[in-house]
Amino acid sequence: MSGIRLLHTQADKAAFAGAIAGKPFFRSLLGRDLQLWADNPGAATKLYVLPRAALALSGRSAQLCGPVEDWEELTLFLRFAGVEKLVADRPVPLPLRGQLHLFGLEAGQSLPLAAPPADLTLDRAPAIGAVAEMAFPGEENAARRDAFYSETCTAVAHGLARVWALRAADGCLVSMVGAYAMANGEAYLATGETVPERRGQGIGGWLIPALANALAAEGWQVTLLCEEKRCRFYTRLGFRPLGGYGQYRLPEPRQDQKEEP
């Protein structure tokens, strides 16, 4: 695969950084990955540079930022790597799974914030193990939970992520959200969750803008991606729409291609 190169040199890293510069979501997520994993060959997240693009692979997901000259080569590579879904910063010749909508809050601005839930306590540094259990409960999610725990612990330890949570009087987590990628002046929010029995009470609707406001006050541009069904929620909270990206699926190879490497 001559056009796809695993990051090795400083020139590779500079090319990768150049490809994601100025691209919301990609500059934070892939910028974090560049700092954490570029010099760690054993990391689960693999980073690659193409002639004019940056590519990150983690499990069955991938993110691509920049134009691709040889889609046949890249598609074969992604299939060989076991990738099932790809988020790209521009339309690509793959089947579309759906559109992801980008929302943001500019540095120095703030969202309207109601009074905090009276029966809950804000925890600005919850144990990541408890957060992982809440985000990916059950034995069927064990692999995803372990990967999330390891990645988030590393990112938090390096100042590249931040997690907030709300606790009930008994100490149990009720709601949580995190800025899981903080790099290049941008903080990307994701994995917001509230326990089922407390949903619909405005708890997440307080916690998410509370963390966003705190980050924006520190000078971060805050971003998040969501599916169409969540757009109304984030619009109501006051986040500004910034466009979006496509999420694509890797099609099964044809019968005459299945034996190819």
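The shown structure was predicted, so the numbers you read here are calculated from the model rather than taken from an experiment. (Residues numbered from 1 in each chain as written. Predicted model: local features only at pLDDT ≥ 70, side-chain atom pairs only at ≥ 80, totals over all residues. Heavy atoms only, no water.)

Some remarks on unusual backbone geometry
Next, step 1: The backbone phi angle of phenylalanine 25 is positive, close to 80 degrees, even though this residue is not glycine.
Next, step 2: With respect to the secondary-structure elements, phenylalanine 25 resides in the loop between α1 (10–20) and α2 (26–37).
Next, step 3: The exposure class of phenylalanine 25 is buried, given its relative accessible area of 4%.
Next, step 4: One non-glycine residue with positive phi stands out, namely asparagine 184, at about 55 degrees.
Next, step 5: Structurally, the position occupied by asparagine 184 is in the loop between β9 (173–183) and β10 (186–194). (Helix = DSSP H or I, 4+ residues; strand = E, 2+ residues; numbered from the N terminus. Buried < 20%, exposed > 50% of the residue type's maximum accessible area, 1.4 Å probe, protein only.)

Some remarks on the packing of aromatic side chains
Next, step 1: On inspection of all chains with the given rule, the structure shows ten aromatic pairs.
Next, step 2: When the centroid spacing of 5.0 Å and the interplanar angle of 80 degrees are considered together, the rings of tyrosine 48 and phenylalanine 77 count as edge-to-face. Taken as a pair, tyrosine 48 in strand β2 (residues 46–49) and phenylalanine 77 in helix α3 (residues 71–80) lie far apart in primary sequence, 29 residues in all.
Next, step 3: Judged by relative accessible area, tyrosine 48 falls into the buried class, the value being 13%.
Next, step 4: The structure contains a cluster of three or more aromatic residues connected by ring pairs, namely Phe25, Phe26, Tyr188 and Tyr245.
Next, step 5: The side chain of arginine 124 reaches across the aromatic face of tryptophan 164, ending 5.1 Å from its centre. (Phe/Tyr/Trp six-rings, centres within 6.5 Å; stacked < 30°, edge-to-face > 60°. Lys NZ or Arg CZ within 6 Å of the ring centre and 35° of its normal.)

Quick word on the pairing of β10
Next, step 1: By the bridge criterion, seven bridges tie β9 to β10 in an arrangement that is antiparallel. Opposite methionine 176, over in β10, you have glutamate 193 as the bridge partner.
Next, step 2: Linking β9 back to β10 in an antiparallel pair, the connection comprises two residues, with asparagine 184 at a positive phi of about 55 degrees. (Pairing = 2+ DSSP bridges.)

Quick notes on the packing of helix α4 (residues 128–135) against helix α5 (residues 142–157)
How two helices sit against one another is set out by the angle between their axes and by the gap between those axes.
Next, step 1: Where α4 meets α5, the closest approach of the two axes is 9 Å, and the angle between their N-to-C directions is 140 degrees. Compared by their axis directions, α4 and α5 come out oblique. The handedness of the crossing between α4 and α5 is right-handed. On α5, the residues that touch Ile128, Gly129, Val131, Ala132 and Glu133 of α4 are Arg145, Phe148, Tyr149, Thr152, Cys153 and Val156. (Axes fitted to C-alpha atoms, helices over the stretch in contact; angles between N-to-C directions. Parallel < 35°, antiparallel > 145°, perpendicular 65-115°, else oblique. Left-handed = near helix turned anticlockwise from the far one by under 90°. Contact = heavy atoms within 4.5 Å.)

Some remarks on the sheet that holds strand β4 (residues 61–65)
Next, step 1: Taken together, the twelve strands give an open sheet; going across it, the order is β1-β2-β3-β4-β5-β12-β6-β11-β10-β9-β8-β7, and neighbouring strands pair in mixed fashion. The open sheet has two edge strands with one neighbour each: β1 (5–6) and β7 (121–123).
Next, step 2: The pairing of β1 with β2 spans two bridges and is classified as antiparallel. Bridge pairing in β2 places leucine 6 opposite tyrosine 48.
Next, step 3: Together, β2, β3 (54–58), β4 and β5 (85–88) form the strand contacts of α3, whose direction differs from that of β3 by roughly 20 degrees.
Next, step 4: Along the sheet, α4 makes contact with β8 (162–167), β9 and β10, crossing β9 at roughly 105 degrees.

Re the pattern of salt bridges
Where side chains of opposite charge bring their charged atoms close, a pairing between them can arise.
Next, step 1: Taken as a whole and assessed by the stated rule, the structure comprises 16 salt bridges.
Next, step 2: Note that arginine 52 is salt-bridged to glutamate 69, the shortest N-O span being 3.8 Å. Within this pair, whereas arginine 52 is found in the loop between β2 and β3, its partner glutamate 69 is found in the loop between β4 and α3, the two being separated by 17 residues in sequence.
Next, step 3: Residue aspartate 123 is joined to arginine 167 by a salt bridge in which the shortest nitrogen-to-oxygen separation is 2.8 Å. Of this pair, aspartate 123 sits in strand β7 while arginine 167 sits in strand β8; the two residues are 44 residues apart in sequence, bridging distant segments of the chain.
Next, step 4: Using a relative accessible area of 21% as the deciding quantity, one classes arginine 167 as partly exposed.
Next, step 5: Shared partners join several salt bridges into a network, and the residues in it are Lys23, Asp89 and Arg90. (Salt bridge = Lys/Arg side-chain N within 4 Å of Asp/Glu carboxyl O.)

Some points on the nonpolar core
Next, step 1: Of all hydrophobic cores here, the largest spans 43 residues; its most connected members are Leu189, Ile208, Leu215, Val222, Tyr234 and Phe239.
Next, step 2: Of all elements in the fold, only β6 (96–105), α4, β8, β9, β10, α6 (203–217), β11 (221–226) and α7 (231–237) reach the threshold of two or more residues within this core.
Next, step 3: Broken down by element, the residue count for this core peaks at nine residues, all from α6.
Next, step 4: Excluding residues within four positions of it along the chain, valine 222 makes contact with Phe103, Gly104, Leu105, Ala187, Leu189, Ala212, Leu215, Ala216 and Phe239. (Core = buried A, V, L, I, M, F, W, Y, C linked by side-chain atoms within 4.5 Å.)

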